[in-house]
Number of protein chains: 2
Amino acid sequence: MIELVTIKDVAKAANVSTSTVSKVINGYSNLSIETVQRVNKTIAELGFEPNITAKSMRTKKTNMIGIVVPDVDHPFFMELFVELQREFSLSGYGCFVFSTRSEEVHEMDVIKSMLLRQVDGILFSSVGWSEQITQTLIKISERIPLVSLNRIFPHSPIKSVNIDYFEGTLRAMNFLIEKGHRRIAYISGHLGNVAGDDRLQAYRAALGRASIPYLEELIFSGEMDIKSGYRCAREMTRLYPLPSAVVAGNDAMAIGAMKYFKEKGIRVPNDIAVIGFDNIEWCNIVDPPLTTLNPDVRIIAKRVAELMLGEADDTLVLLKPELIVRGSTDIDAINVIDW
Amino acid sequence: MIELVTIKDVAKAANVSTSTVSKVINGYSNLSIETVQRVNKTIAELGFEPNITAKSMRTKKTNMIGIVVPDVDHPFFMELFVELQREFSLSGYGCFVFSTRSEEVHEMDVIKSMLLRQVDGILFSSVGWSEQITQTLIKISERIPLVSLNRIFPHSPIKSVNIDYFEGTLRAMNFLIEKGHRRIAYISGHLGNVAGDDRLQAYRAALGRASIPYLEELIFSGEMDIKSGYRCAREMTRLYPLPSAVVAGNDAMAIGAMKYFKEKGIRVPNDIAVIGFDNIEWCNIVDPPLTTLNPDVRIIAKRVAELMLGEADDTLVLLKPELIVRGSTDIDAINVIDW
DNA sequence: CTGAAAGCGCTAACAA
DNA sequence: TTGTTAGCGCTTTCAG
């Protein structure tokens, strides 16, 4: 089961050369059936398992994909990681995850350790726009497939899979505006971070189209986590009048905000409607269930794998998230769960 | 930044032999200061990075740890993984995660892929008690360090880190009994799974000590996830009278149960008190916040790393979880969050 | 203190 | 159809 038998041992036992064994292992065609059978039998008998490290060294392929996310702890990236792992394992690849902890300073370190591990491909989810990192990534992409999540690198071999945050946020805003909301707050990710910017633009655009003035005071900014949402909500309650709705850059912040509102007796959605982004599992657990945009992690993972493994010709994928209406915006939303 | 410069290039450029470069890299002592400096300078100039694969091949060490959990999706294992990764990276190790999806049938596959990847150590969280797996693990443990989570392998080199589920459950039960609860339900993990058994025993023991009869009808069993908790709660409401408290094998099931109660207008803790196990982040988010047992993931990760890397002499670690009282058992629990 | 040489386990021309 | 040979990039005796 667990041993140290090498290709050499197999060769000797089967009375063939090591290269023949190698060919059998790798399924070459020009081999006599008889030989193949004999070698396979010996392999089974000796319990031989090819040494992947040695193989990697020769072929310069590790069959490992590096996945870089801002935050492994975050439910969205967690769910994404699980799907990616599933997806890549279908093609015989393993996955490493690395977290930049949402800080640009860590991005270079993470890149270094992946390169050190000789990954065959990288999925990179950027935090910021640092020129140095950008150049490094472009350079890397000339050697190994690099797919970027939610950031486009023009004029480079870097392909990208993007959630259409603009469209998503627009949908959320239009939904609220159609319901009559006029005073809508926005809880953004860190401004200047990749995670923050275009969602906020969509917020502005939607207001513009509805001729609602953009008010600086309605914009809050956090770190994409529950705690930040909670804090932003606290800030928000200093406003008078309170906004009638709030859109958050992701579910975690929306959930944090809902928590604060609940503590203060502010009712969701009666006093304030809330919309998140990501459709993480917890949207269904919180009370009321959270209305959100669903980017469909499964599809994302599939597209990423396709681009990475060269199974698709696209170089840029843009995924439009679907609005999922639940109790945090509609008091009588029917939230059927098939449990 | 990203290159293909080898030890050979460095050697040539620095006018030394490859073995000298190797020695410099690995910090050998018997080298003239002058040489070391020159080599280091060249290394920097050429931007040389040692090829870890080649190194692994020679040293037969990959510096990778394999982590096997029943379910990566599960918040508890997620949090554990993050901590383990942090902990092991301190010693220069990377981590793979593998999920057995809580099914014994997948355990062997997972073991195989880890072995194929030549991991230097394994953390294994068992699902069941299969004899075949047991034997395989013992065999592996004779070659590489194997640490088991929550399961003890007597008479083998397998060390283990264990959460004291018995003690924890006892604490939960005693807490409830002291508050006057007599009719206490229990939501267990799958019986026959490692995750299920001793917690249920503690439940029984606590009842026994308080001279409360054990009733089969108060025992429910699920799959350790939210959905299961929800379903068990649904079953439970068929009972008359409703139990005044329920203890769940983990937080996810407790949270699922709370969700069902909420939907049915059964108030927690007024109508029924709820206690979970794990102290995952979401305990603070749900409403009311969930009383639970805290096994301290951070400590677990630390101990695991110690045992794995041979930094501790223990062979068995037993961690007593602390009861954290929140609103799901005490209507006026003060749940201070330092947000 | 430094270098030559052998080899980790495997693959891939190239020959036979 | 099969075997010979030459490494991949690094470490590690062992000589010098």
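Reading the values: rules and limits
- Residues numbered from 1 in each chain as written.
- Chains lettered and ligands numbered in written order.
- Predicted model: local features only at pLDDT ≥ 70, side-chain atom pairs only at ≥ 80, totals over all residues.
- Heavy atoms only, no water.
- Salt bridge = Lys/Arg side-chain N within 4 Å of Asp/Glu carboxyl O.
- Helix = DSSP H or I, 4+ residues; strand = E, 2+ residues; numbered from the N terminus.
- Buried < 20%, exposed > 50% of the residue type's maximum accessible area, 1.4 Å probe, protein only.
- Contact = heavy atoms within 4.5 Å.
- Buried area = accessible area lost by both parts, 1.4 Å probe.
- Polar contact = N/O pair within 3.5 Å; in protein donor to acceptor, adjacent residues only side chain to side chain.
- Nonpolar A, V, L, I, M, F, W, Y, C, P; charged D, E, K, R; others polar.
- Pairing = 2+ DSSP bridges.
- Core = buried A, V, L, I, M, F, W, Y, C linked by side-chain atoms within 4.5 Å.
- Near = heavy atom within 4 Å.
- Patch = residues over 30% accessible without salt bridge, like charges linked within 9 Å, V, L, I, M, F, W, Y side chains within 5 Å.
- Areas by Shrake-Rupley, 256 points an atom, 1.4 Å probe, with all protein chains shown as cover.
- Lys, Arg positive; Asp, Glu negative; His and termini not counted.
- Charge placed at Lys NZ, Arg CZ, Asp CG, Glu CD.
- Expected span 1.5 Å × (residues − 1).

- Going by an unreviewed UniProt entry, chain A carries the name LacI family DNA-binding transcriptional regulator and comes from Paenibacillus mendelii.

Describing the pattern of salt bridges
Here is step 1: Following the criterion strictly, the structure yields 29 salt bridges over all chains and no others.
Here is step 2: Linking glutamate 83 of chain A and arginine 298 of chain A is a salt bridge whose minimum nitrogen-to-oxygen distance equals 3.5 Å. One end of the pair, glutamate 83 of chain A, is in helix α5 (residues 75–89); the other, arginine 298 of chain A, is in helix α12 (residues 297–308), and 215 residues separate them in sequence.
Here is step 3: For glutamate 83 of chain A, a relative accessible area of 14% puts it in the buried group.
Here is step 4: When the shortest N-O distance is used, the salt bridge between aspartate 330 of chain B and lysine 179 of chain B registers 2.8 Å. Here the residue aspartate 330 of chain B occupies a position in the segment after β12 (322–324), and lysine 179 of chain B occupies one in the loop between α8 (165–178) and β6 (184–188), the gap between them amounting to 151 residues.

Describing the interface of chain A and chain B
Here is step 1: Counting residues at the interface gives 55 residues for chain A and 55 residues for chain B.
Here is step 2: Taking both sides of the interface into account, the surface hidden between chain A and chain B amounts to around 4,800 Å²; carbon and sulfur atoms contribute 69%.
Here is step 3: Our enumeration of links across chain A and chain B arrives at 2 salt bridges.
Here is step 4: On the surface where chain A and chain B come into contact, there are 8 residue pairs in polar contact (both at pLDDT 80 or more).
Here is step 5: Broken down by secondary-structure element, the contributors of at least two residues to the side of chain A that touches chain B are α4 (52–59), α5, β2 (94–99), α6 (104–116), α7 (131–141), α10 (226–236) and α11 (251–263) of chain A.
Here is step 6: Grouping the constituent residues of the side of chain A that touches chain B by class yields 30 nonpolar, 11 polar and 14 charged.

Some thoughts on the pairing of strand β3 (residues 121–124) of chain B
Residues and elements named next belong to chain B.
Here is step 1: The two faces of β3 match: Gly121 and Leu123 on one face and Ile122 and Phe124 on the other face are all buried.
Here is step 2: Relative to β3, strand β1 (residues 64–69) runs parallel, the two being bridged by 4 bridges. Pairing of isoleucine 65 across the sheet is with glycine 121, part of β3.
Here is step 3: Strand direction decides the pairing type here: β3 and strand β4 (residues 146–149), joined by 3 bridges, are parallel.

A few points about the nonpolar core
Here is step 1: Among the nonpolar cores identified, the biggest contains 166 residues, and Phe261 of chain A together with Phe261 of chain B are the most heavily contacted of them.
Here is step 2: Core analysis: the next-biggest nonpolar cluster, separate from the first, contains 40 residues, Phe98, Met108, Ile140 and Phe153 of chain B among them.

As for the protein's contact with DNA strand C
Here is step 1: Close contacts around DNA strand C come from 25 residues, with Ile7 and Arg58 of chain A together with Lys23, Thr35 and Arg58 of chain B the closest.
Here is step 2: Here, DNA strand C places atoms within 4 Å of the protein, and 59% of those atoms are sugar or phosphate.
Here is step 3: Here a phosphate oxygen of DNA strand C sits 2.8 Å away from a polar atom, N or O, in the side chain of serine 22 of chain A.
Here is step 4: Between DNA strand C and the protein, one listed contact pairs a phosphate oxygen with a backbone N or O atom of serine 32 of chain B at 2.9 Å.
Here is step 5: Of all the secondary structure elements, the ones that give two or more residues to the surface near DNA strand C are α2 (18–25) and α4 of chain A together with α2 (18–25) and α4 (52–59) of chain B.
Here is step 6: With 4 residues, α4 of chain A is the largest single contributor of residues to the surface near DNA strand C.
Here is step 7: For the surface near DNA strand C, the class distribution of residues is 7 nonpolar, 13 polar and 5 charged.

Side note on a positive patch on the surface
All names here are of chain A.
Here is step 1: On the surface, a cluster of positive charge is contributed by Lys227, Arg231, Arg234 and Lys264.
Here is step 2: Inspection of the secondary structure puts arginine 234 in helix α10.
Here is step 3: With relative accessibility at 30%, the residue arginine 234 sits in the partly exposed group.

As for α11 of chain A
All names here are of chain A.
Here is step 1: With 13 residues, α11 should reach 18 Å at 1.5 Å per residue; the first-to-last C-alpha distance of 18 Å fits that figure.
Here is step 2: Judged by how many residues are buried, α11 sits mostly within the fold: 11 of 13 residues are covered.
Here is step 3: Of all the residues in α11, the buried ones are Asp251, Ala252, Met253, Ala254, Ile255, Gly256, Ala257, Met258, Lys259, Tyr260 and Phe261.
Here is step 4: Where the residues of α11 are buried, they touch β6 (184–188), α10, β8 (245–248), β9 (273–275) and β10 (292–294).
Here is step 5: If you check the start of α11, you find a side-chain oxygen 3.4 Å away from the backbone N of alanine 252, and it comes from asparagine 250.
Here is step 6: Directly after α11, the chain includes glycine 265, whose backbone phi takes a positive value near 75°.

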